[in-house]
Amino acid sequence: MMTCICRDVECHVTIKRLTCVCVVVLKLLLPDNFIEILYFSVGLNDSCIYKMLPIEGFTCFPGQMWDKVLSKVKKAVVFMDDKCAESLHWNGGATSVFEAGARNLKEFSSFEAGGENEPKAVFVVSTLLKGRTADIIKDIIGLSHFQYCVVFTTVAHSIQLLANNVTAELEGSPVFEQFEEKLSEWMGDMNYTAEVIHAPVVFAPVSPQLLLAPTFAHLFPLLPQDLKTINIKRTEKKMFVSLTDVDMQSLTPELQIEIKTLASAVNSMFESTSTREESFAVGPMSRLIAGELANHPQAKSRRKTATNKASIVFIDRTLDLTGAAGHHGDSLVEKILTVLQPLPGHTTDVQVDMLELTNLQHIPDSQPTLAPGCLAQTQSSTARLLWETMLASKQKEAVMEVRRQLVEAASKENLPIKMSLGRVTPEQLCSYVQLFKSSWGALESHCGVLQLGLATAQTLRHPTLPRWDACLAFERLLLQALGDSDFAGVLRQLLPLMKPRGEEGSSSESSSGSRSGEDECGPDELLVLLVYLYSLAGEAQPADDEEVEKVERELIGALTLVITRETELSPLLQKLTNRSSDKPWKRGHLNKTHTPVDMHTLIRTLDTQKEVRSVGCCESSQPQI
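Only a predicted model underlies this, so the values are computations on that prediction, with no experimental measurement involved.

**Student:** So what about the packing of aromatic side chains? Which residues, and what values?
**Tutor:** Each aromatic ring pair is characterised by the separation of its centres together with the angle its planes make. The final tally for this structure, using the stated rule, is seven aromatic pairs. With a centroid separation of 6.2 Å and an interplanar angle of 70°, the aromatic rings of Phe 79 and Phe 146 are classed as edge-to-face. Within this pair, whereas Phe 79 is found in strand E6 (residues 77–80), its partner Phe 146 is found in the loop between helix H4 (132–142) and strand E9 (148–153), the two being separated by 67 residues in sequence. Across the pair, exposure class does not vary: Phe 79 and Phe 146 are buried alike. Geometrically, the ring pair formed by Phe 179 and Trp 186 is edge-to-face, given 5.7 Å between the ring centres and 90° between the ring planes. Classification of Phe 179 as buried rests on a relative accessible area of 3%. Put simply, the rings of Phe 79, Phe 108, Phe 123 and Phe 146 pair up and form one aromatic cluster.

In structure tokens:
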């Protein structure tokens, strides 16, 4: 849980994500001496900025960038890749595109095309204008009849130059100009109009206090095994001793592009808000990102004319896994994001089953026929306020506010609602939501609130939610054991939990003496418990290394057995075992010699956390740890 305090206002925002890259803290010193605190986090599943002051600059920046795109979509067919679509999802959604005059909105794919009477196209992509991206654009144009093409890319021209192995500073935008010529050539007439524009549409405003950057969701801190990979191509004398020695030039071109694009996006935000930053970094990856921001080509001129001042701190997320892996947050939104399935193609939103609003019957194990609802409510001001309350409040308060909003909406529509006080139940919320399905007008007017109400109800009655409480109980027991035992002894206490679900002595039975079935921890929960425990390894009493390795081998074998007994692999286990969802899975298929989690690497990574003792300043020079 991150707690941000601004004047007399305290805001609790918890976003549970295991694989975040870094956390960034910005402290803005404004003319009226009002202090604003922002947290910026980049990770495999999300990226976020927590903003504690209603300043229009940062809140409006994502919308301003999208306005740049929307100004070109009138009478056009719009093709958009998944990363940009996720940003749009929180910036008005498809509705804003059609309100701006677009004729259609399609996936960025070689299998899509414009109609015969659709002469204009707008492409919005988050990638370099080369390779697969260029091929897809060429394919779409080849299948269409376009006479006017506009391409928006989130990657700045200076980075496009670097990707084309051009290091010298050139006048104009030659890469964009060359691509415009290609567009005209693909359209079949050099007199047709083509434009290429940079627009950093990478941020998603989840609320006025929270921005996400889903474009960089897969970015992750450097790990010890990365150092080995980097050193393979270096001579013995030039090998890096530690990750703190790694520089940008030693990284892969793809990773360099990602870091430079992130720094460029943050620079654009500071430029839009006339802010001069002072950069700090904790961790190897954060040092590289902060250094890139400090040395950004446009940053020097911006700092000279900026009217606001900010301190920005980048922190590698791997230096603080406890907060991400723990189940200590009393947040309704955290549980919604954890138990509900992700929205297809998204990393920051979930699917809400809308069946309760129809007369259709639920058929087990069948493919859904309804489009799912979601958490992003950009059209209704009432729904937006409810969502912000859910984000900032504790679970009990958030659930009561959901019920209040549903009751208020039903009363406005004169629906026959039965008032009830006391504990809020998922059945009660569903009964309120079902009142709206008989009135299309009422359903349309309050669709946003209804989706949030259904998300709450489906989370509260989700079969995996009891595991949350079970994991919380286990974590408390482990914390107590860390203070009394050495690390080997604490690890040994996990062994009774490493039992296949349904077997005697596993999970809940070993902790409570009874079996409820629902609160049994599966492989996913056990892996998170391991990460949580290893993130606290430094708090345990000194242990013999050989004894720790012995227990680790036992844990690896037990965990592998748990996975082999699963009838179906979760998305997380599919990644860890390198198995795709389209491959059939049979119980016992995984060989026990296959280690699903490399705890030794995790140990070495966590050891770096102990070495962090200070935060160095970097304004125009390389940041330090």
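The discussion continues.
**Student:** Any chance you could break down unusual backbone geometry for me, citing the residues and the numbers?
**Tutor:** Despite not being glycine, Asn 165 shows a phi value in the positive range, around 65°. Secondary-structure assignment places Asn 165 in the loop between helix H5 (157–163) and helix H6 (174–187). In this model, Ser 274 sits at a positive phi of 55°, which is unusual for a non-glycine residue. For Ser 274, the position within the fold is in the loop between helix H8 (253–272) and strand E13 (275–282).

**Student:** Could you give an account of the pattern of salt bridges, naming the residues involved and the relevant values?
**Tutor:** For the structure shown, the criterion picks out 10 salt bridges. Residue Glu 277 is joined to Arg 302 by a salt bridge in which the shortest nitrogen-to-oxygen separation is 2.8 Å. Note that Glu 277 is positioned in strand E13 and Arg 302 in helix H10 (residues 299–305), a separation of 25 residues in sequence. As far as the burial class goes, Glu 277 and Arg 302 line up, both buried. Notably, a salt bridge pairs Glu 525 with Arg 467, separated by 3.5 Å at the nearest N-O pair. Here Glu 525 is found in helix H21 (residues 523–535), whereas its partner Arg 467 is found in helix H18 (residues 465–484), with 58 residues between them in sequence. A cluster of three or more residues bridged by salt bridges with shared partners is formed by Glu 401, Arg 404, Glu 408 and Lys 412.

Basis of the calculations
- Residues numbered from 1 in each chain as written.
- Predicted model: local features only at pLDDT ≥ 70, side-chain atom pairs only at ≥ 80, totals over all residues.
- Heavy atoms only, no water.
- Phe/Tyr/Trp six-rings, centres within 6.5 Å; stacked < 30°, edge-to-face > 60°.
- Helix = DSSP H or I, 4+ residues; strand = E, 2+ residues; numbered from the N terminus.
- Buried < 20%, exposed > 50% of the residue type's maximum accessible area, 1.4 Å probe, protein only.
- Salt bridge = Lys/Arg side-chain N within 4 Å of Asp/Glu carboxyl O.

Worth remembering: the numbers are spatial, not functional.
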